[in-house]
Amino acid sequence: VKLDRLPITTFQDVIALQPGVTIEGNVRGGKSNEVLYLIDGVPVQDYIEGGLGAELPRSSIGGMTIYTGGFEAEFGNAMSAVVNVVTKGGDNTHSVAVRFEKDNWIPSRWNKQTDQYNEVELMARGPIIRDNLFYLQSFIGRFQNTRWWQDMQEFFSSPNNSEYSGFTKFDYVASPTLRVSLQGIYSFRQFYDYEFSWRYNLDGLPKRSKNSIRVTATVTNTISDYSSLSLSISRFYLQNRIGVGKKGDVNLEPYRYDLFLRYIIDGERNWWANTQQLIHTVKGDYTSQIDKTQFFKAGFEGNFYEVFNDLVKFEPQRTYFGKTLENAPLLNYSNTYDYFPRTGSAFIQDKIQFSRDGSMLSVGVRWDFLDPRARRPIVEFIPTSPTEFQQQVNGSAKSTFKQQLSPRLAFAAPMGPSSMFFVNFGHYF
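Residues numbered from 1 in each chain as written. Predicted model: local features only at pLDDT ≥ 70, side-chain atom pairs only at ≥ 80, totals over all residues. Heavy atoms only, no water.

Concerning the pattern of salt bridges
- Within this structure, the stated rule accounts for 17 salt bridges.
- Residue E72 pairs with K351 through a salt bridge whose shortest N-O separation is 3.0 Å. Here K351 lies in strand 18 (residues 342–353) and E72 lies in the loop between strand 3 (61–67) and strand 4 (81–87), a separation of 279 residues in the sequence.
- Owing to a relative accessible area of 17%, E72 belongs among the buried residues under this scheme.
- Between E74 and K297 there is a salt bridge, with the nearest N and O atoms lying 2.9 Å from each other. On the criterion of sequence distance, the pair formed by E74 in the loop between strand 3 and strand 4 and K297 in strand 15 (residues 294–315) is long-range, its members being 223 residues apart. Like K297, E74 is buried.
- One salt-bridge network, held together by shared partners, links R58, R99, E101, E119, E121, R142 and E163. (Salt bridge = Lys/Arg side-chain N within 4 Å of Asp/Glu carboxyl O. Helix = DSSP H or I, 4+ residues; strand = E, 2+ residues; numbered from the N terminus. Buried < 20%, exposed > 50% of the residue type's maximum accessible area, 1.4 Å probe, protein only.)

Below, the structure written as structure tokens:
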């Protein structure tokens, strides 16, 4: 089904239309951060909060593959689902497209069941050098007041949630067997959260932002009519911010509830955060169609991370009934860390289709490793009484190198003109 024919605003909405998926993106009862997102086979993941790390304009999407279970050995670091988005490219014909969409054509005084959503998208593609060099450029802007606009309009100007995303791609056909692709994805979002207990003091919640930029270069070499090699190098930067200004500007006055302890009526949330992720990825694949019934694939992936987090977070002390203690010192949950872990994987898989009945057998194995490159605290429990213990940190120890072999086995067979039988075994983590 073409994306422009579906009732969606983002390509993630396609996932929610699949069986066993909630509107929030939970697949088969799993958490939303257990879904792996790939764009042209390269991860675009938010490794701290989970989920998708960058948006993509709909006009740049050529197709999507959604696996909601039984992943082959090619895919790892996923428990619930794998989503691989394949982007479009330019061709020998220049084309331009414009799209505008909104959900509140009817005035708000008559129809309040909207998000006051507005979206504009531009796309252009074509040749730079005919038959050799092509381009595609797409841009999308989204502006909305969210489903809580009737409360938020009392505190913020419209729109209170804005997002700008873009995609740029250049394809160079050096020869009939060699192709080079360079692409860039960028996304900038500013928004406010909504919390029911803050509905009468929403401007006390900090403003948030999420910005990301990914640059990827891919070289594909067709060795023969039945086999090819592909190598990708990617740099992905992602920043999440909570609050504006400097962390020293955080207000340390506790916020106050109403008499019934239901709503916060005065004060600010004492939060400020700057979280940054920088991921360099190297990925290679070899594919070969041995004959009409057998398909072989092998590959590797290496990821080099810098994960930085600077958090200032204070929470007021509360009574047993939840009322804040205005004169008590705030509880400090602030934290700062900077880590440089590494991960990698390698896999082989073989697919065989039996010509007699059309059944399919897939066999593979995957090897993953994690090198935290960090140290962990050594915690001892010191008895202070026959029934009580006190935690005591006695130094630190180097975090250990982790690795895992994951077998993958799947079999599918037709059971009739409109029925299929599937069996899958694998180790997923």
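As for the pairing of strand 11 (residues 227–242)
- Bridge count between strand 10 (residues 207–224) and strand 11: 16 bridges; the pairing is antiparallel. By the bridge assignment, T216 is partnered in strand 11 with S234.
- In sequence, strand 10 turns back onto strand 11 through a hairpin of 2 residues.
- Both strand 11 and strand 14 (residues 271–291) contribute to a ladder of 16 bridges, which runs antiparallel. Residue pairing across strands places S227 opposite S288, the latter belonging to strand 14. (Pairing = 2+ DSSP bridges.)

Comments concerning the layout of surface pockets
- Space inside the largest pocket adds up to approximately 1,800 Å³.
- Listed by contribution, the elements that provide at least two residues to the lining of the largest pocket are helix 1 (12–16), strand 7 (133–144), strand 8 (161–175), strand 9 (178–192), strand 10 and strand 11.
- Grouping the constituent residues of the lining of the largest pocket by class yields 17 nonpolar, 16 polar and 14 charged. (1 Å grid on protein atoms, 1.4 Å probe; cavity = no way out; pocket = protein on both sides within 12 Å on 5 of 7 lines; lining within 4 Å. Points joined across faces, edges and corners; volume = space filled by probe spheres on them. Nonpolar A, V, L, I, M, F, W, Y, C, P; charged D, E, K, R; others polar.)

Quick notes on the side chain of N270
- Within the secondary structure layout, N270 lies in the loop between strand 13 (264–266) and strand 14.
- We classify N270 as buried; its relative accessible area is 0%.
- Polar contacts involving the side chain of N270 include one to the main-chain carbonyl oxygen of E268, which spans 3.4 Å.
- If we ignore the near neighbours within four places in the chain, the residues touching N270 are V250, N251, L252, E253, Y255, V312, K313, F314 and L330. (Polar contact = N/O pair within 3.5 Å; in protein donor to acceptor, adjacent residues only side chain to side chain. Contact = heavy atoms within 4.5 Å.)

Description of the packing of aromatic side chains
- What the rule picks out here adds up to 17 aromatic pairs.
- When the centroid spacing of 3.9 Å and the interplanar angle of 20 degrees are considered together, the rings of F156 and Y192 count as stacked. Residue F156 is located in the loop between helix 2 (149–152) and strand 8, and its partner Y192 is located in strand 9; the two are separated by 36 residues in the primary sequence.
- Judged by its relative accessible area of 13%, F156 falls in the buried class.
- Ring centres 5.0 Å apart and planes at 65 degrees place the aromatic pair W198 and Y255 in the edge-to-face group. Residue W198 is located in the loop between strand 9 and strand 10, and its partner Y255 is located in the loop between strand 11 and strand 12 (256–257); the two are separated by 57 residues in the primary sequence.
- Among the aromatic residues, ring-to-ring pairing joins F139, F143 and Y164 into one connected group.
- The ring of F191 carries R189 above its face, with NZ or CZ at 3.9 Å from the centroid.
- Above the ring of Y333, the side-chain terminus of K313 is found at 5.8 Å from the ring centroid. (Phe/Tyr/Trp six-rings, centres within 6.5 Å; stacked < 30°, edge-to-face > 60°. Lys NZ or Arg CZ within 6 Å of the ring centre and 35° of its normal.)

Here we look at the side chain of S209
- Topologically, S209 is positioned in strand 10.
- Owing to a relative accessible area of 14%, S209 belongs among the buried residues under this scheme.
- Sequence-distant contacts of S209, that is, excluding residues within four places in its chain, are made with R189, Q190, F191, Q239, N240 and R241.

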